[in-house]
Amino acid sequence: MESKNENSDVSHAEEFKNQANEAFKGHKFSNAIDLYTKAIELNGNNAVYWANRAFAHTKLEEYGSAIQDASKAIEVDSKYSKGYYRRGAAYLAMGKFKDALKDFQQVKRLSPNDPDATRKLRECEKAVMKLKFEEAISVPVSERRSVAESVDFHTIGNKPRSSFMPTKTALAAVVAAVMVVAVRGFATTEILMVLVSVVLGAFWWGSSGKVEPQYSGARIEGEEVSLDFVKTMMEDFKNQKTLHKRYAYQIVLQTRQILLALPSLVDISVPNGKHITVCGDVHGQFYDLLNIFELNGLPSEENPYLFNGDFVDRGSFSVEIILTLFAFKCMCPSSIYLARGNHESKSMNKIYGFEGEVRSKLSEKFVDLFAEVFCYLPLAHVINGKVFVVHGGLFSVDGVKLSDIRAIDRFCEPPEEGLMCELLWSDPQPLPGRGPSKRGVGLSFGGDVTKRFLQDNNLELLVRSHEVKDEGYEVEHDGKLITVFSAPNYCDQMGNKGAFIRFEAPDMKPNIVTFSAVPHPDVKPMAYANNFLRMFN
């Protein structure tokens, strides 16, 4: 009788697994996880179920949970190569290349003739070698110099060649001077040096400081970014045109100065009868950002926005997104507020595409410049003393006050623990109390944690982002917490809606607006991501 029940459980577990596989194929990853869980509850000794659920967690960026499930698959069957494969992929996504390398080496040992395993092992080895090289040449934080302070955007660009000193004339003058020295000897070396200096100086003066006349894109007139410029720039971006580096530098450097003056926690005051719009992750989906502005109006003093982090990565129009948001910040600082997300960091940008995109569309120096400016982004906002807005979530300890957040020294890369890390990485959970993070960084916190934090700080609502939601938003913790996510059909595969929230003073009740994805040019998400990560997407 017992054997019959066991056979029945195994049979039903297979049915749940098959249903889960179908949900996975339909990109219903949360549903797939629930179904794999039912299969595991009936038969926890099947390594395939654990590895499949790990894969579904990976699709939802729940890498901590993926590592746990893949490890369980390995525990059940130490010779099951997919367990090591899934765990290695999750480690890669977290930037833990050395841990990933160990798993892919084991995959190769178990499947020595598998060309796919060989290819992924080779890419992982390259990533580890690159990491070791970067560590070897890295400059200590205390000795690093500001990239921004080494750039003067006024000198970037090319003025039309001066009629009195064209290129050929300049070069001919230098050649003539050299010939004089060759004929008359070194007695005239001093004359040569003066002549060459004058010629090259004149040539340099005639070839720098102005943007080329053939450049047909948006132009900033003088020092101030205008609405007309931003509109023209957005239209150029929509048509896949690039912005001149001079203006890109100007926008980023001016934004840096604005952000530098802000505290880590910014208080926003919305007058009675006025409103503010809060947006979640946009993740490089520029054409969906344009749709938000089409639906809700452009940022202005009368129509302010708060973008709650994760502007970049994954989507392949992250440069267009960040320059647009920064340009509005330059145009009118009170028209747009910007918070840091976990993807405004070197480690994420290196893996998920922004670094490669910046290198491709702008230059290597911009990679370092953006990394520096991201460190100046505030960590959280409070609207009218009622609504706390942060990218990730709350803390591993009770009693954290707003003054503690204001006191955070944010001018650094996000640490792996502590208040700053938890603000950027944590997620809510349905159960009370606290639990381990499904991402492997930060923690999960329950409704009781949310309630105590709001009470301790005389707040009414917590708004956060950081997680894709089918409807673009989700209300949790007895209505005290709202997740808002503004990247519809995330990565061109999730099928989710996007959302934004409008708050009107004085009552500050959330009015949630949802929207669907719009078409974009045929540039795939992750187009600029590291090669090894693209292999798993």
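Owing to the predicted nature of the structure, the values given are computational and were not obtained by experimental measurement.

Conventions we followed
By convention here, each chain's residues receive numbers from 1 onward along its written sequence. The model is predicted, so local features are restricted to residues of pLDDT at least 70 and side-chain atom pairs to those at 80 or more, both for listing and for counting; the totals for chains, interfaces and linings are taken over all residues. Here the side-chain values reflect all heavy atoms present in the structure, with hydrogen atoms and water set aside. Strands are runs of DSSP state E lasting at least two residues, helices are runs of H or I lasting at least four, and both sets are numbered from the N terminus onward. Type-normalised accessible area, obtained with a 1.4 Å probe on protein chains alone, sets the label of each residue: buried when under 20%, exposed when over 50%, and partly exposed for intermediate values. Residue contacts follow a heavy-atom distance rule, with two residues in contact if any of their heavy atoms lie within 4.5 Å. Here the open area of atoms and residues is found with the Shrake-Rupley method and a 1.4 Å probe, where only the protein chains shown may cover a residue. Side-chain atoms alone can form a polar contact between residues adjacent in sequence; in general such a contact is a pair of N or O atoms within 3.5 Å, and within protein one must be able to donate a hydrogen while the other accepts it. UniProt positions are given in the numbering used here, feature names are shortened, and annotations may be inferred rather than shown by experiment. The criterion is simple. A nonpolar core is a set of buried Ala, Val, Leu, Ile, Met, Phe, Trp, Tyr and Cys residues joined through side-chain atoms within 4.5 Å. Pairing between two strands is assigned when DSSP locates at least 2 bridges connecting them. All axes here are fitted lines through C-alpha atoms, helices being fitted over the stretch that makes contact, and every angle between N-to-C directions spans 0 to 180 degrees. Residue count minus one, scaled by 1.5 Å, sets the expected span of a helix. Here the word oblique covers every angle except those under 35 degrees (roughly parallel), over 145 (roughly antiparallel) and from 65 to 115 (roughly perpendicular). Here is the rule for handedness: rotate from the far helix to the near one, and if that takes an anticlockwise turn smaller than a right angle the crossing is left-handed, while a clockwise turn gives right-handed. Salt bridges, as used here, are contacts in which a Lys or Arg side-chain nitrogen is within 4 Å of a carboxyl oxygen on Asp or Glu. When the centres of two rings from Phe, Tyr and Trp lie within 6.5 Å, Trp using its six-membered ring, the rings pair. Their planes under 30 degrees apart give stacked, over 60 give edge-to-face, and anything left gives tilted. Think of it as three bins: nonpolar holds Ala, Val, Leu, Ile, Met, Phe, Trp, Tyr, Cys and Pro, charged holds Asp, Glu, Lys and Arg, and polar takes everything else, Gly as well.

Engineer: Honestly, the overall build of the protein chain in this entry has me stumped. Any pointers?
Structural biologist: Along the backbone of the protein chain there are 20 helices and 14 strands. Taking all 537 residues of the protein chain together, 53% fall into the buried category. A separation threshold of at least 6 residues defines the contact pool for the protein chain, and within that pool the share at least 24 residues apart is 71%. On the protein chain, roughly 24,500 Å² of surface is accessible, and the fraction owed to carbon and sulfur atoms is 53%.

Engineer: Would you take a moment to explain unusual backbone geometry for this structure?
Structural biologist: What is expected of a backbone is that most residues other than glycine have negative phi and most peptide bonds are trans. The step from Ala505 to Pro506 runs through a cis peptide bond, and the omega angle for that step is 10°. In this structure, Asp492 is a non-glycine residue whose phi angle is positive, near 60°. The residue Asp492 is located in the loop between strand E12 (481-484) and strand E13 (498-504) in this model.

Engineer: Where do I start with the environment of Ser318 in this structure?
Structural biologist: Examined against the element boundaries, Ser318 turns out to sit in helix H13 (residues 318-331). Contacts of Ser318, omitting those with residues within four sequence positions, involve Gly284, Val312, Asp313, Phe354 and Glu357. There is a polar contact of 3.1 Å between the side chain of Ser318 and the backbone oxygen of Gly315.

Engineer: Looking at this model, I keep getting lost on the UniProt feature "repeat: TPR" (unreviewed entry) in the protein chain. Mind explaining?
Structural biologist: Residues annotated in UniProt with the feature "repeat: TPR" (unreviewed entry) correspond here to residues 13-46 and 81-114. Span residues 81-114 is 79% helix and 0% strand, its end C-alpha atoms 11 Å apart.

Engineer: Is there a simple way to explain the nonpolar core in this structure?
Structural biologist: In globular proteins that are soluble, nonpolar side chains generally tend to be buried together. Core analysis: the biggest nonpolar cluster contains 60 residues, and Phe229, Leu243, Ile251, Phe307, Phe311, Leu323 and Phe370 have the highest contact counts within it. Elements with a contribution of two residues or more to this core: helix H10 (227-238), helix H11 (245-260), helix H12 (286-296), strand E3 (305-307), H13, strand E4 (336-338), helix H15 (354-361) and helix H16 (364-374). With nine residues, the single largest contributor to this core is H13. If sequence neighbours within four positions are ignored, Phe307 has contacts with Cys279, Val282, Leu289, Phe293, Leu325, Ile336, Tyr337, Leu338 and Ala339. The next biggest cluster of nonpolar side chains, apart from the first, holds 53 residues, and it includes Ala90, Tyr91, Leu265 and Phe445.

Engineer: Would you mind showing me how to read the sheet that holds E3 here?
Structural biologist: The strands that make up a sheet pair up through hydrogen bonds in the backbone, lying either parallel or antiparallel. Spatial strand order, E4-E3-E2-E13-E14: five strands in an open sheet with mixed pairing. Edge positions in the sheet fall to E4 and strand E14 (510-515), since each has one partner strand and no second. The sheet shows a mean angle of 20° between the axes of neighbouring strands, direction not considered. Alignment of strand E2 (residues 275-279) against E13, held across five bridges, turns out to be antiparallel. If you follow Thr277 over to E13, its bridge partner there is Arg502. In this fold H12 packs onto E2, E3, E13 and E14, with an angle of close to 155° to the strand it touches most, E3.

Engineer: Honestly, the side chain of Arg256 in this entry has me stumped. Any pointers?
Structural biologist: Looking at the secondary structure, you find Arg256 in helix H11. In contact with Arg256, other than residues within four places in its own chain, are Ser146, Ala148, Glu149, Glu372, Val373 and Tyr376.

Engineer: Before we go on, may I ask you to explain the pairing of strand E10 (residues 461-464) in this structure?
Structural biologist: Neither face of E10 is open: one carries Leu461 and Val463, the other Leu462 and Arg464, and all of them are buried. In the sheet, strand E6 (residues 387-390) pairs with E10 via three bridges, with the strands oriented parallel. Across the sheet, residue Phe388 finds its bridge partner in E10, namely Leu462.

Engineer: Explain the side chain of Ser264 to me, please; I cannot follow it from the model alone.
Structural biologist: Considering the arrangement of structural elements, one finds Ser264 in the loop between H11 and strand E1 (265-268). In this structure Ser264 comes out as buried when scored by relative accessible area, which is 2%. Polar side-chain contacts of Ser264 include one of 3.3 Å to the side chain of Arg410. Not counting chain neighbours up to four residues away, the residues in contact with Ser264 comprise Pro378, Leu379, Ala380, Ile405, Arg406, Ile408 and Arg410.

Engineer: What should I look at first to understand H13 in this one?
Structural biologist: Structural remark: α-helix, 3.6 residues per turn; residues separated by three or four positions point the same way. In this model H13 runs 20 Å from its N-terminal to its C-terminal C-alpha over 14 residues, within 8% of the 20 Å that 1.5 Å per residue would give. Counting buried positions along H13 yields 13 of 14 residues, so the element is predominantly enclosed.

Engineer: Would you mind showing me how to read the packing of helix H2 (residues 29-42) against helix H3 (residues 47-59) here?
Structural biologist: The relative placement of two packed helices comes down to the angle between their axes together with the axis-to-axis distance. It is at 9 Å that the axes of H2 and H3 come closest, and there the two elements cross at 160°. Judged on the interaxial angle alone, H3 and H2 are roughly antiparallel. When the axes of H2 and H3 are compared, the crossing they make is left-handed. For the pair formed by H2 and H3, the contact residues are Phe29, Ile33, Tyr36, Thr37, Ala39 and Ile40 on the first element and Tyr49, Trp50, Asn52, Arg53, Ala56, His57 and Lys59 on the second.

Engineer: Teacher, can you tell me more about the pattern of salt bridges here?
Structural biologist: Close approach of charged atoms lets side chains of opposite charge pair. Evaluation of the coordinates by the stated rule reveals 30 salt bridges. Close ionic contact of Glu467 with Lys469 constitutes a salt bridge, the shortest N to O distance being 3.9 Å. Accessibility assignment for this pair places Glu467 and Lys469 in one class, buried. Because the salt bridges share partners, they merge into one network encompassing Glu62, Asp427, Lys438, Arg439, Arg464, Glu467, Lys469 and Glu474.

Engineer: Got a minute to help me understand the sheet that holds strand E7 (residues 427-428) in this structure?
Structural biologist: Judged by pairing direction, the sheet is mixed, and its three strands sit side by side in the order E7-E9-E8 without closing on themselves. Each edge of the sheet is formed by a strand with only one pairing partner; in this case those strands are E7 and strand E8 (434-436).

Engineer: Explain the packing of aromatic side chains to me, please; I cannot follow it from the model alone.
Structural biologist: Applying the stated criterion to the full structure yields 23 aromatic pairs. Judged by centre distance (6.2 Å) and plane angle (45°), the rings of Tyr215 and Tyr247 are tilted. Remark: Tyr247 occurs in helix H11 and Tyr215 occurs in the loop between helix H9 (189-205) and H10; sequence separation between them is 32 residues. On the accessibility criterion, Tyr215 (14% relative accessible area) is buried.

Engineer: Could you clarify how one ought to interpret helix H7 (residues 115-137) in this entry?
Structural biologist: In this model, H7 (23 residues) spans 33 Å end to end at C-alpha, consistent with the 33 Å of a helix rising 1.5 Å per residue. When we look at burial in H7, the residues that qualify are Ala117, Lys120, Leu121, Glu123, Cys124, Ala127 and Val128. Among the residues of H7, the N-terminal cap falls to Asp114, whose side-chain oxygen and the backbone nitrogen of Asp116 are separated by 2.9 Å.

Engineer: What is the right way to read the packing of helix H5 (residues 81-93) against helix H6 (residues 97-110) from this model?
Structural biologist: One can describe the packing of H5 onto H6 by two numbers: an axis separation of 8 Å at closest approach and a directional angle of 160°. Considering their axes alone, H5 and H6 lie roughly antiparallel with respect to each other. Here H5 and H6 pass one another in a crossing that is left-handed. Listed contacts from H6 to Ser81, Tyr84, Tyr85, Arg87, Gly88, Ala89, Tyr91 and Leu92 of H5 are Phe97, Asp99, Ala100, Asp103, Phe104, Gln106, Val107 and Leu110. Partitioned by chemical class, the residues of the contact of H5 with H6 number 10 nonpolar, three polar and three charged.

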